[in-house]
Amino acid sequence: MSTILRDLTTGVRGIQVPEGGGTIQWTDGHRTVLPAVFDKKNINRCDKVDIPIIRFMARLPSSDRRSKYVEHLASDVLTARDATSIITTCLSTNKCVKISGVPCTPPTGKLDLQYLDVNFGISPLREVQLHDLARRCENHATPHMYSTMKSFIDGIDDPQKIQCILDVPLAHVTLPEQLRLIDHGLVHGWNQTTTTVPIVSKVHPENFTTKGWGILHQPGYLTYPHHDAEGTLTWVRMEAGIKFWAIFRLKDGASNRVQLRNLWMRLVDYPTHKSWIQKNCEGEVITLKQGDLLILPPGIFHAVYTPTASFSTGGHFYNYDCMHLTELSRFIDAELAPATTNQDMEHALETLRRMVIAIPFLSPRIVLHVRSLLSICMMASFGHHYRAKGSSAQCVEDTETSAPVKVISDLVFTFLGVSSRMRPGDMLYAGDQFDAGAEVDRITLCDSFKTHMNLYNQ
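Calculation notes
- Residues numbered from 1 in each chain as written.
- Predicted model: local features only at pLDDT ≥ 70, side-chain atom pairs only at ≥ 80, totals over all residues.
- Heavy atoms only, no water.
- Buried < 20%, exposed > 50% of the residue type's maximum accessible area, 1.4 Å probe, protein only.
- Helix = DSSP H or I, 4+ residues; strand = E, 2+ residues; numbered from the N terminus.
- Axes fitted to C-alpha atoms, helices over the stretch in contact; angles between N-to-C directions.
- Parallel < 35°, antiparallel > 145°, perpendicular 65-115°, else oblique.
- Left-handed = near helix turned anticlockwise from the far one by under 90°.
- Contact = heavy atoms within 4.5 Å.
- Nonpolar A, V, L, I, M, F, W, Y, C, P; charged D, E, K, R; others polar.
- Pairing = 2+ DSSP bridges.

Draft legend 1. Structural detail: unusual backbone geometry. The phi dihedral of N42 falls on the positive side, at around 65 degrees, and the residue is not glycine. You can call N42 exposed: its relative accessible area is 56%. Positive phi values are uncommon outside glycine, yet N94 reaches one of about 70 degrees. When you line up the elements, N94 lands in the loop between α3 (83–92) and β4 (96–100).

What follows is the structure, given as structure tokens:
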């Protein structure tokens, strides 16, 4: 790539972000602006938190095909008959997946209101909740302000504004058609259980609205280290602009719950724990450009720097293969959230319950694994144990799904050897937390359901 293409400061520095913020070079050769919010004494308030984190990210190696933690694929993988299987196998081992060259909808020129309106149905009059960098410098817990899409887009060329919109609901936006069945929460949990257990209780709209969304950034915004709430998998497709997506892990590759908890707790407060993090933490930076699709397993701790105006689409979903990672993520959320997540979501339990109800009726082609199966039954049966710290008590209330979940989960527990001497935690908390476990004997499991639930007779 030419030096010109690697220089991302032209047209940004002094025009879209303040001139005095400086620049930084990343290990892949890109040069970007640094954020700046100056106080009355002309001191850059980003020097305290944002810029130290960005400098740490910029020193990390650039992720490429040699990575052990990110699977780099070309878009032709989507033409393979087993594309979904290839991708979920990677995700289930806690490995991110980047697919380059997927169809996207880039703007013909600048990121503007007409592009968003015509291609995605985002009205310029739409009310939005912004995250404002100047406000975050005042108080990191309250960066929010309300505005309109027009005001946000107009602010891209105002160097005194550095803002982002983390959630533009776009329920009509989806993954590539070839991956349409990867969302097991929707495909199996909701689509295939409402006849068996009709919907009676109120259903939180986030069970569906989080399936598709958009993210808009003005240049110079850093999303602090976090993991996505409720143990979801996350996909992001770059439509316009560029992002530097840093993922973090322990240097020794440990997956012990206590060690992971300690890592997550320290990453959310980088300035305080800078020395410990630099000694014990490693990572890599995934550069996302137009047409790049990134899929993150549950619980991946990451930070994102956006050096140019950008727009990406994405969504959250659940998958049976990754339930052990979902359980691990939600287990730690119950102790640390909302400090470790960037958004609050309270929709998970009802989707997980529906996924459990679907288990006796799953197609024989669906492969289940021991630790993932145990994990989803644990989360669905003991929802109050996984209630994220600070979340509403309503998110774990009993509904019409509670009783059938208990019946199915108890049968699964017995099938997997859970007893008074071998508790679920004894099986889940030991060993490699990123391992989905051995393949489940679906035939024997189905026989158990048939015997004890009077199923498959019609």
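Draft legend 2. Expanded view of the packing of helix α9 (residues 257–267) against helix α11 (residues 323–336). Contact geometry of α9 with α11 gives a least axis separation of 11 Å together with a crossing angle of 60 degrees. Overall, the two elements α9 and α11 adopt an arrangement that is oblique. The two elements α9 and α11 cross, and the hand of that crossing is right-handed. Contacts between α9 and α11 pair R257, L260, R261, W264 and M265 from the former with E327, L328, S329, F331, I332, E335 and L336 from the latter. Here the residues of the contact of α9 with α11 sort into 7 nonpolar, 1 polar and 4 charged.

Draft legend 3. Focus on the sheet that holds strand β3 (residues 70–74). Taken in spatial order, the 9 strands of this open sheet run β3-β4-β13-β10-β15-β8-β7-β5-β6, and their pairing is mixed. Every interior strand has two partners, whereas the edge strands, β3 and β6 (144–148), have only one. Each neighbouring strand pair of the sheet contributes to a mean axis angle of 25 degrees, computed without reference to strand direction. When strand β8 (residues 213–217) meets strand β15 (residues 310–317), the two strands line up antiparallel, connected through 5 bridges. Across the sheet, residue H217 finds its bridge partner in β15, namely S310. Set on the sheet, α3 makes contact with β3, β4, β10 (233–240) and β13 (293–296); between it and β4 the angle comes to about 145 degrees.

Keep in mind these values describe shape, not function.
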